[in-house]
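Listed below, chain by chain, are the residues.
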Amino acid sequence: MPSYLLDFINFMLRWLHVIAAIAWIGESIYFVMLDNSLKTPEDESSRRKGVFGEMWAVHGGGFYHNQKYATSPEKLPDDLHWSYWKSYTTWLSGFALFVLLYMANPGFYLVDSGNDWEWAANMNGAEANILALAFLFGGWVVYNQMCKRISPNMERDGLLSLAVAVLMVFVAYLSTQLFAGRAAFLLTGAVMATAMSANVFYWIIPGQRRMVEAMKAGEEPDPLDGKRGKQRSVHNTYFTLPVVLLMISNHYSFVYSHEYAWLLMSLFIFAGALIRQFFVLMHAGSIRPAYPAAGVALILLAFWIAAPAGSSSGDESADADGPTLDEVHAIVEDRCVQCHSSDPSEDGYSSAPAGIEYDTKEQLQKMMADTKEVVASEYMPLGNVTEMTEEEREVIADWRE
Ligand code: HEC
């Protein structure tokens, strides 16, 4: 019952998380598009009121007329629309999921027992959890300090972007050295996602509050607040596509269990940012296909790096000596069926994880490709709790039919 309850909560939290993220990112993308699509208003009276840009749109059977004021409008309406709960809900539900799944089972999910770095391979659950939290919040602290030091008055944007890019490669590298591959991808995504939500929480919203208060008091708002809000929301925009990819990476062990997982992750992060750049510029009226082309080139490079070695068709000569289905099933019964069964014996499992069952040979045969992949990458058995040996992994690697 408790494991069923946890599974159910996990399922519902995931739903909430995805919905909140769609709402938040959707709105954020919309506002970047709006900002970049603004045109100088044609009529004199708008300009005199302080409108510096406007956009006309048609949507859902109606016509919309957005106007952006250069500084403050003459009179601020009382019912200003603010956006922050979408961001906070996304972060909170994501963090809850992380706690429920990863931090509740750090031995399975965070620790990479095959890590070359012995200390990381042997850390206990509590250490892994503390390290994961330090990683998450440390990432924000470093990023925030970078922004404050490199660009205290919102200048040197190019240099800051470069520094953030280098930081992300470092985060990707460090995460894969410390944690299991799947957790490393998730945590790197979570470092960016935490920076995004913290940008909203610590800078964008408080800055807007100060601006509104100043306007209400009849004072000139501090222009730095507006500029900083803009700078941080621009960063957020380049984080969005990479974060989404890292968050959905959890079933693709060919990437996160790869020897060069950090490099693959970095390539995907830059590809996402480059593709986003295309849309940002497109809304500002400039079509620059070189950006998505560069993004796709990075994805192709990742494809090439991650491609399994020696799987070409010329390599079939060993067929005859490969293990039989019976031999493979015997190994799977020893090492996998504890969890992957219609009636798992492993504590905490109420049904077969990922819906994969190995009770019969037919089930095993159908899952051949996936089974070989997760065993070769050492993603399975999870945390190697069932102590699969190297010899057994080799047998499965040689299994051909
Ligand atoms: C301790 C429990 C446990 C053991 C033992 C275990 N698995 Fe898993 N397995 C899981 C869990 C949990 C998942 C789901 C992880 C996820 O959501 O990606 C999973 C997922 C999988 C997947 C799907 C991977 C994906 O990304 O969709 C395959 C294939 C798999 N296991 C094969 C195996 C094989 C083969 C073995 C034995 C060599 C094995 N597992 C042993 C718990 C286990």
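The model shown is predicted, which means the values in this text are computed figures rather than measured ones.

**Some remarks on the UniProt feature "transmembrane region" (unreviewed entry) in the protein**
UniProt records the feature "transmembrane region" (unreviewed entry) for residues 12-32, 88-108, 128-146, 158-179, 185-205, 237-254, 260-282 and 289-307 in the present numbering. Annotated as 96% helix and 0% strand, the span residues 260-282 places its first and last C-alpha atoms 33 Å apart. Counting secondary structure, residues 289-307 comes out at 89% helix and 0% strand; the distance between its end C-alpha atoms is 27 Å.

**Some thoughts on the coordination of the iron atom of the ligand**
All of the protein donors around the iron atom of the ligand are His340 (NE2) and Met380 (SD); their distances to the metal are 2.0 to 2.3 Å. Taken together, the six donor atoms surrounding the iron atom of the ligand define angles of 87 to 178 degrees at the centre, an arrangement classified as octahedral. Here histidine 340, found in the loop between helix H13 (325-335) and helix H14 (361-366), pairs with methionine 380, found in the loop between helix H15 (368-376) and helix H16 (390-398); they are 40 residues apart in sequence, far enough to count as distant.

**Observations concerning the packing of aromatic side chains**
Applying the stated rule across the entire model yields 25 aromatic pairs. Aromatic pair tryptophan 91 and phenylalanine 95: ring centres 5.0 Å apart, planes at 5 degrees, arrangement stacked. Placement of the pair is tryptophan 91 and phenylalanine 95 together in helix H3 (residues 85-103), with a separation of four residues, close to one helical turn. Each ring, one from tyrosine 102 and one from tyrosine 109, has its centre 5.3 Å from the other, and the planes form 50 degrees; the classification is tilted. Taken together, the ring pairs connect Trp82, Tyr84, Trp85, Tyr88, Trp140, Tyr143, Phe201, Tyr202 and Phe239 into an aromatic cluster.

**Looking at the UniProt feature "domain: Urate oxidase N-terminal" (unreviewed entry) in the protein**
The UniProt record annotates "domain: Urate oxidase N-terminal" (unreviewed entry) at residues 3-305. What you have in residues 3-305 is 73% helix and 6% strand, and the ends, taken at the C-alpha atoms, are 38 Å apart.

**Remarks on the site of the ligand**
The local shell around the ligand holds 25 residues, among which Arg182, Cys336, Cys339, His340 and Met380 are the closest. With respect to the ligand, the side chain of histidine 251 contributes an N or O atom lying 3.0 Å from an oxygen atom. Here an oxygen atom of the ligand and a side-chain polar atom of tyrosine 379 are 3.0 Å apart. Taken together, the elements giving at least two residues each to the shell around the ligand come down to helix H4 (106-109) and H15.

**Here's the deal with unusual backbone geometry**
Note that the residue after methionine 380, namely proline 381, is joined by a cis bond; omega there is -10 degrees. Residue placement: proline 381 occurs in the loop between H15 and H16. Phi at alanine 354 takes a positive value of approximately 55 degrees, unusual for a residue other than glycine. For alanine 354, the position within the fold is in the loop between H13 and H14. For alanine 354, a relative accessible area of 68% gives the class exposed. The phi dihedral of glutamate 378 is positive, around 65 degrees, even though this residue is not glycine. Following the sequence through the fold, glutamate 378 ends up in the loop between H15 and H16. Residue classification places glutamate 378 among the partly exposed positions, given a relative accessible area of 40%.

**Overview of helix H9 (residues 223-247)**
Two residues of an α-helix separated by three or four positions point the same way, owing to the 3.6 residues in each turn. Spanning 25 residues, H9 covers 35 Å between terminal C-alpha atoms, matching the ideal 36 Å at 1.5 Å per step. Two or three places before leucine 224, at the start of H9, stands the capping residue aspartate 222, its side-chain oxygen 2.9 Å from that residue's backbone nitrogen.

**Notes on the domain arrangement of the protein**
With domains assigned, the protein is organised as domain 1 (2-29 + 80-306), domain 2 (38-69) and domain 3 (313-398). Taking only C-alpha atoms, the centre of domain 2 and the centre of domain 3 are 61 Å apart.

**Considering H16**
For H16, every residue scored as buried is listed here: Glu392, Arg393 and Ile396. Angularly, the buried residues of H16 cover 100 degrees about the axis, an arc narrow enough to put them on a single face. Along H16, exposed side chains directed more than 90 degrees from the buried face belong to Glu391 and Glu394. Next to the buried residues of H16 lie H13 and H15.

Basis of the calculations
Residues numbered from 1 in each chain as written. Predicted model: local features only at pLDDT ≥ 70, side-chain atom pairs only at ≥ 80, totals over all residues. Heavy atoms only, no water. UniProt positions renumbered as here; feature names shortened; annotations may be inferred. Helix = DSSP H or I, 4+ residues; strand = E, 2+ residues; numbered from the N terminus. Donors = N, O, S within 2.8 Å, 3.2 Å for Na, K, Ca; no water. Tetrahedral: all angles 85-135°; square planar, octahedral: opposite > 155°, others 65-115°. Phe/Tyr/Trp six-rings, centres within 6.5 Å; stacked < 30°, edge-to-face > 60°. Near = heavy atom within 4 Å. Polar contact = N/O pair within 3.5 Å; in protein donor to acceptor, adjacent residues only side chain to side chain. Buried < 20%, exposed > 50% of the residue type's maximum accessible area, 1.4 Å probe, protein only. Expected span 1.5 Å × (residues − 1). Domains from an automatic or database assignment. Arc of directions from axis to C-beta. Contact = heavy atoms within 4.5 Å.

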